[in-house]
Amino acid sequence: MKLHITFKLNKELDKEMALVFLDNEAGGVDFSQGVTGPHPEIKNIKEKSEVERKEIINDYFDRYYKKHEKELLDCIEQFREDWEPVENKFIEQINKIFKNPETPEGKYIGYLSIINCNPRFLDSKTFQIFYKHRAGSNYIAAHEVLHFFFYDYANRNHSDVFAKLNPDDGIYWDLAELFNGVILDLPEFIAMHGQVETKVYPAHEKHIILMKKLWDNEPNIDNWIIEAYRYLNSS
Ligand SMILES: [Zn+2]
């Protein structure tokens, strides 16, 4: 299995996502805070019309990227330096968990972002990383790429259950996030990203202990997916 994650700037994508996340809420998180929190200069943007929002974001992001150009480029370099020594260990764990999978087709690019929303794009296998994220870029990269493998595995091997479900919402999304909550908290993964306390969405906190138990009892993805799905479906 081949996998290589690269990191890049993408200002236009960042502008686009800022507009999207001004009106987005998921799992008990208001994502507009991720846009305005790090940028108090635009904190009133939600009161504006759609046309004005677009103008403000366009202007503000152009100025910000220009003013912080060196800082952002240095940051990309840091993302690369941090990821490089763990990539092989990550691949090793992915092979173990997903039973020697093929790499789902895609670009595997982490785009730096100046907003704290950190979305993943399942179709292109790309994602954004807030450049001042407290958990660090390795954590975000591992989290998002784990999603790509998880959805691919579930679609392929448990299509009877998952083919019709929406990966961005409801039980399938819950399951993917909880899976990450379990896996990223394993010592092998903590060694890669350094975060001793894995964060799950507030809406998922009540399930995480049981989900971890399920994995500890039998660290087998097929068993976990089915059992966890049953449990979520009946709770
Ligand atoms: Zn996620």
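Described in the following lines is the structure provided in the data block.

Reading the values: the criteria
- Residues numbered from 1 in each chain as written.
- Predicted model: local features only at pLDDT ≥ 70, side-chain atom pairs only at ≥ 80, totals over all residues.
- Helix = DSSP H or I, 4+ residues; strand = E, 2+ residues; numbered from the N terminus.
- Rg over C-alpha atoms; globule rule 2.2 N^0.38 Å.
- Buried ≥ 20, exposed ≤ 12 C-beta atoms within 10 Å, placed from the backbone.
- Contact = placed C-beta atoms within 7 Å.
- Pairing = 2+ DSSP bridges.
- Axes fitted to C-alpha atoms, helices over the stretch in contact; angles between N-to-C directions.
- Parallel < 35°, antiparallel > 145°, perpendicular 65-115°, else oblique.
- Left-handed = near helix turned anticlockwise from the far one by under 90°.
- Nonpolar A, V, L, I, M, F, W, Y, C, P; charged D, E, K, R; others polar.
- Arc of directions from axis to C-beta.

1. A short note on the overall build of the protein chain
Turning to step 1, where the next piece is worked out: The helix and strand tally for the protein chain stands at eleven helices and six strands.
Turning to step 2, where the next piece is worked out: Since a compact globule built from 235 residues should have a radius of gyration of about 18 Å, the 18 Å found for the protein chain is in line with a globular shape.
Turning to step 3, where the next piece is worked out: In terms of its C-alpha atoms, the protein chain occupies a principal-axis envelope of roughly 50 × 40 × 30 Å.
Turning to step 4, where the next piece is worked out: The 235 residues of the protein chain split such that 33% are buried.
Turning to step 5, where the next piece is worked out: Within the protein chain, counting contacts between residues at least 6 apart in sequence, those at least 24 apart form 66% of the total.

2. Comments concerning the sheet that holds strand 6 (residues 126–130)
Turning to step 1, where the next piece is worked out: Taken together, the four strands give an open sheet; going across it, the order is 1-4-6-5, and neighbouring strands pair in mixed fashion. Looking at strand neighbours, the two that pair on one side only are strand 1 (6–8) and strand 5 (120–121), the edges of this open sheet.
Turning to step 2, where the next piece is worked out: As paired strands, strand 4 (residues 109–113) and strand 6 are joined by five bridges and run parallel to one another. Residue L112 lies in a different strand from strand 6, and its bridge partner there is I129.
Turning to step 3, where the next piece is worked out: Packed on one face of the sheet, helix 6 (residues 137–157) meets strand 4, strand 5 and strand 6 and runs near 155° to strand 6.

3. With respect to the pairing of strand 4
Turning to step 1, where the next piece is worked out: Counted residue by residue, strand 4 has four buried out of five residues, so it is predominantly covered.
Turning to step 2, where the next piece is worked out: Relative to strand 4, strand 1 runs parallel, the two sharing three bridges. Bridge pairing in strand 4 links F7 to G110.

4. Some words on the packing of helix 8 (residues 170–183) against helix 10 (residues 205–217)
Turning to step 1, where the next piece is worked out: Two elements in contact, helix 8 and helix 10, have axes separated by 9 Å at closest approach and are oriented at 65°. It follows that helix 8 is roughly perpendicular to helix 10 by the angle criterion. Here helix 8 runs over helix 10; the crossing is right-handed. Of helix 10, the residues touching helix 8 (which contributes L178, G181 and V182) are H207, I208, M211, K212 and W215.
Turning to step 2, where the next piece is worked out: Classifying every residue of the contact of helix 8 with helix 10 by side-chain character gives five nonpolar, two polar and one charged.

5. Re unusual backbone geometry
Turning to step 1, where the next piece is worked out: Positive phi values are uncommon outside glycine, yet Y108 reaches one of about 50°.
Turning to step 2, where the next piece is worked out: Secondary-structure assignment places Y108 in the loop between helix 5 (87–97) and strand 4.
Turning to step 3, where the next piece is worked out: In this structure Y108 comes out as buried when scored by C-beta crowding, with 20 C-beta atoms within 10 Å.
Turning to step 4, where the next piece is worked out: For N118, which is not glycine, the phi torsion reads 55° and is therefore positive.
Turning to step 5, where the next piece is worked out: What makes N118 buried here is the crowd of 21 C-beta atoms within 10 Å.

6. Observations concerning the pairing of strand 6
Turning to step 1, where the next piece is worked out: Burial of strand 6 is extensive: four of the five residues sit out of reach of the surface.
Turning to step 2, where the next piece is worked out: In terms of strand pairing, strand 5 meets strand 6 through two bridges, oriented antiparallel. Paired with F121 across the strands is T126, a residue of strand 6.
Turning to step 3, where the next piece is worked out: The hairpin formed by strand 5 and strand 6 contains four residues between the paired strands, and K125 there has a positive phi angle of roughly 60°.

7. Brief notes about the packing of helix 6 against helix 8
Turning to step 1, where the next piece is worked out: Across the interface, helix 6 lies against helix 8 with an axial gap of 10 Å and an inter-helix angle of 125°. Classified by the angle between their axes, helix 6 and helix 8 sit oblique to one another. Of the two possible hands of crossing, helix 6 and helix 8 adopt the one that is right-handed. When helix 6 is examined against helix 8, the residues H143, L146, H147, F150 and Y151 are found in contact with a partner set consisting of A176, F179, N180 and I183.
Turning to step 2, where the next piece is worked out: Residues that form the contact of helix 6 with helix 8 fall into these classes: six nonpolar, three polar and no charged.

8. Things to note about the environment of L186
Turning to step 1, where the next piece is worked out: For L186, the location among the structural elements is in the loop between helix 8 and helix 9 (187–193).
Turning to step 2, where the next piece is worked out: For L186, a count of 16 C-beta atoms within 10 Å puts it in the partly exposed group.

9. Some remarks on helix 5
Turning to step 1, where the next piece is worked out: Every buried residue belonging to helix 5 is among F90, I94 and I97, and all of these are buried. The buried side chains of helix 5 occupy one side of the element, clustering within an arc of 70° when seen end-on. Looking at helix 5, the residues exposed on the side facing more than 90 degrees away from the buried face are N88, E92 and K96.
Turning to step 2, where the next piece is worked out: Where the residues of helix 5 are buried, they touch helix 6, helix 8, helix 9 and helix 11 (221–234).
Turning to step 3, where the next piece is worked out: Of the residues one or two after helix 5, K99 is the one with positive phi, at around 55°.

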